[in-house]
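A structural walkthrough
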Number of protein chains: 2
Amino acid sequence: ESRKEGTTATGFPLADLSVRKVLRESARDKTIFLHGQVNSASGDGTDAVVILEKTPFREENISELLKKHTKLQLQMSNDIYSTYHLYLPPELNEIKTTVVYPATEKHLQKYLRREVYLIQETGADYETITLPFIESQSFSIQWVYNILEKKAEADRIIYENPDPTDGFVLIPDLKWDRKQLDDLYLIAICHCRGIKSLRDLTAEHLPLLKNISKEGKEAIVKRFGVSGAQLRVYLHYQPSYYHLHVHFTALSYDAPGSSVERAHLLSDVIDNLELDSGYYRKRTLTFALRADEPLLKKFQEAGRV
Amino acid sequence: ESRKEGTTATGFPLADLSVRKVLRESARDKTIFLHGQVNSASGDGTDAVVILEKTPFREENISELLKKHTKLQLQMSNDIYSTYHLYLPPELNEIKTTVVYPATEKHLQKYLRREVYLIQETGADYETITLPFIESQSFSIQWVYNILEKKAEADRIIYENPDPTDGFVLIPDLKWDRKQLDDLYLIAICHCRGIKSLRDLTAEHLPLLKNISKEGKEAIVKRFGVSGAQLRVYLHYQPSYYHLHVHFTALSYDAPGSSVERAHLLSDVIDNLELDSGYYRKRTLTFALRADEPLLKKFQEAGRV
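About the thresholds
Residues numbered from 1 in each chain as written. Chains lettered and ligands numbered in written order. Predicted model: local features only at pLDDT ≥ 70, side-chain atom pairs only at ≥ 80, totals over all residues. Heavy atoms only, no water. Contact = heavy atoms within 4.5 Å. Buried area = accessible area lost by both parts, 1.4 Å probe. Salt bridge = Lys/Arg side-chain N within 4 Å of Asp/Glu carboxyl O. Polar contact = N/O pair within 3.5 Å; in protein donor to acceptor, adjacent residues only side chain to side chain. Nonpolar A, V, L, I, M, F, W, Y, C, P; charged D, E, K, R; others polar. Pairing = 2+ DSSP bridges. Helix = DSSP H or I, 4+ residues; strand = E, 2+ residues; numbered from the N terminus. Least-squares fit on C-alpha atoms with pLDDT ≥ 70 in both. Domains from an automatic or database assignment. Phe/Tyr/Trp six-rings, centres within 6.5 Å; stacked < 30°, edge-to-face > 60°. Buried < 20%, exposed > 50% of the residue type's maximum accessible area, 1.4 Å probe, protein only. Lys NZ or Arg CZ within 6 Å of the ring centre and 35° of its normal.

1. What about the interface of chain A and chain B?
- Taken residue by residue, the interface counts 91 residues in chain A and 91 residues in chain B.
- When chain A packs against chain B, close to 8,900 Å² is buried across both sides, 57% of that on carbon and sulfur atoms.
- Considering only the side of chain A, the residues that lose the most area to chain B are Lys54, Phe57 and Val260 of chain A, jointly responsible for 9% of the buried surface there.
- Where chain A touches chain B, the interface holds 12 salt bridges.
- Among the ionic pairs, Glu261 of chain B bridges to Arg232 of chain A, the shortest N-O distance being 2.9 Å.
- Taken together, the connections running from chain A to chain B amount to 41 residue pairs in polar contact (both at pLDDT 80 or more).
- When its residues are assigned to classes, the side of chain A that touches chain B shows 42 nonpolar, 27 polar and 22 charged.
- Pairing between strand E5 (residues 81-87) of chain A and strand E6 (residues 95-100) of chain B: six bridges, direction antiparallel. Residue Thr83 of chain A lies in a different strand from E6 of chain B, and its bridge partner there is Thr98 of chain B.

So, in structure tokens, the structure goes:
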């Protein structure tokens, strides 16, 4: 009975959900994040997070979709150009739905859209605000060491230069499912420990950075057939973990974190260090922080935002 | 008759379209661009471009959408997390459809996805390849002069510093409809003529660049209430027209052209020119070119790609 067409095929009582708040939405991605409460007899106003996302078109069912549409309604027509609303049978136009239920306050906070602020971190700000903050946090990077020591994900390694100073491991990023090259995403993780980020780089690291650039591209063209001219190779500042790593993404892929306020092209980093070994120690670096990030509070307390 | 539910409400025979090729698609944007041929009695295999785009969720009809769904099919369940396919009545889940019909070869080429290549342009490459190319093209920038001379769009100007050397005009970008601040996008166009791009900037332009940064942000907070800490302020290289201009976009908006291989933060440009007046004349600059762009051919002929 519960699998019958036209009825809810699961236990989650979506029709009994009352929407309390839109936590976040994206017109570009066609997604919306909802905070709702289940008001059915059993639900008692329990909180839920419901994420709705329209699904990508699939090439293999485009012809069926065009044939079986239920209505094509003209909106605008001008010379050879016209726009319509197209209506499809439900089964050809499903919506991906993710439910967190019951949801805690922490879940609601996690999905809530936050204001974002730009930080201009001088060299002095790094020493007095950011570095003490990093050192006060116990960010665990054991998972990185597990990869470097082959205790985890060893079968996923694409390439390795084993040199302890100038070597690295190249591995697919977890965001990439490897089913298509469109969103190719790999990470080079250096063997050397203690290089926290871009800020720590000096001319002594040029051999490491050049190895990553040259050998990383060679390994990717060899394994995946994507040439260096079709790759975006960059570091993040701030990074999401403080052990030096370099991102390789398909140039045609609008990868998250590739925007100018976070990404630094490896080729620019190499050029700047050749120009001045202390470039990244002294230089003002710009990055964005969300309102709920603890580092923002530190900059606010220091009167730097 | 033609407006009846369940039938095609217009002249375009979508059900008779046979798909010849997917010209382009984006899983992130949920769009697909099709080259089709109309094979109805009247169509005779005439070419058409059909663009399908899933529509954003609208907050005002979310409750109705949840209530009226036809099916919720469980995909995966793990602890408090579960995912589903949600099916909706067609009228609550329309698809925006754009048709170019009849389409010429030029239309098909326009929408076809191209390979993208990264160029590493040295200072010498600029002098021997890019600059001669720019000078050989008759890019018209009369529309820019019309704005600066108040012959067009004068009522759209948000702010002006009228100084002929260090002044500029601030105007909303045409991509921004000004209906919401989420995708705020303005352009500062300098009054001074002859500064083609980032490549032409030296320390003598610092007063102009600092005016744009300071006064542009002040004008935006005054008019739109968006502070400088919530703005991404940058130049493009290559720019889309060769008269110096600066982009101001909302930091939370993932604006097209804000990725690291095209955008240069104005604050970085100012710092680099203060470090070295010749920075942008000498420096290798990285940018992407599509396979059909004439400048790519010039780099290929010079053996630089």
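Read on, since the account is not over.
2. Observations regarding the relation of the copies chain A and chain B
- For the pair chain A and chain B, the best superposition has an RMSD of 0.3 Å and corresponds to a rotation of 180 degrees with a translation of 0.2 Å parallel to the axis. Seen this way, the second copy is the image of the first under a two-fold rotation axis.
- With an isologous cut-off of 70% or more, the 100% of interface residues of chain A that recur at the interface of chain B puts this contact in the isologous class.

3. Side note on the domain arrangement of chain A
- Structurally, chain A comprises domain 1 (14-110) and domain 2 (116-301).
- On a C-alpha basis, the centroid separation for the pair domain 1 of chain A and domain 2 of chain A is 35 Å.

4. Things to note about the packing of aromatic side chains
- Applying the stated criterion to the full structure yields 16 aromatic pairs over all chains.
- When the ring of Tyr159 of chain A is compared with that of Phe168 of chain A, the centres are 5.7 Å apart and the planes differ by 45 degrees; the resulting orientation is tilted.
- Where Phe287 of chain A meets Phe299 of chain A, the ring centres are 6.3 Å apart and the plane angle is 80 degrees; that geometry is what we call edge-to-face. A residue pair is termed long-range when its members are at least 10 positions apart, and Phe287 of chain A in strand E14 (residues 285-290) and Phe299 of chain A in helix H8 (residues 294-301) qualify at 12 residues. Side by side, Phe287 of chain A and Phe299 of chain A carry an identical accessibility label, which is buried.
- Seen from the ring of Tyr87 of chain A, Lys71 of chain A lies directly overhead, with NZ or CZ sitting 4.8 Å from the centre.
- Its guanidinium or amino end placed over the ring of Phe57 of chain A, Lys54 of chain B lies 5.1 Å from that ring's centre, counting from NZ or CZ.

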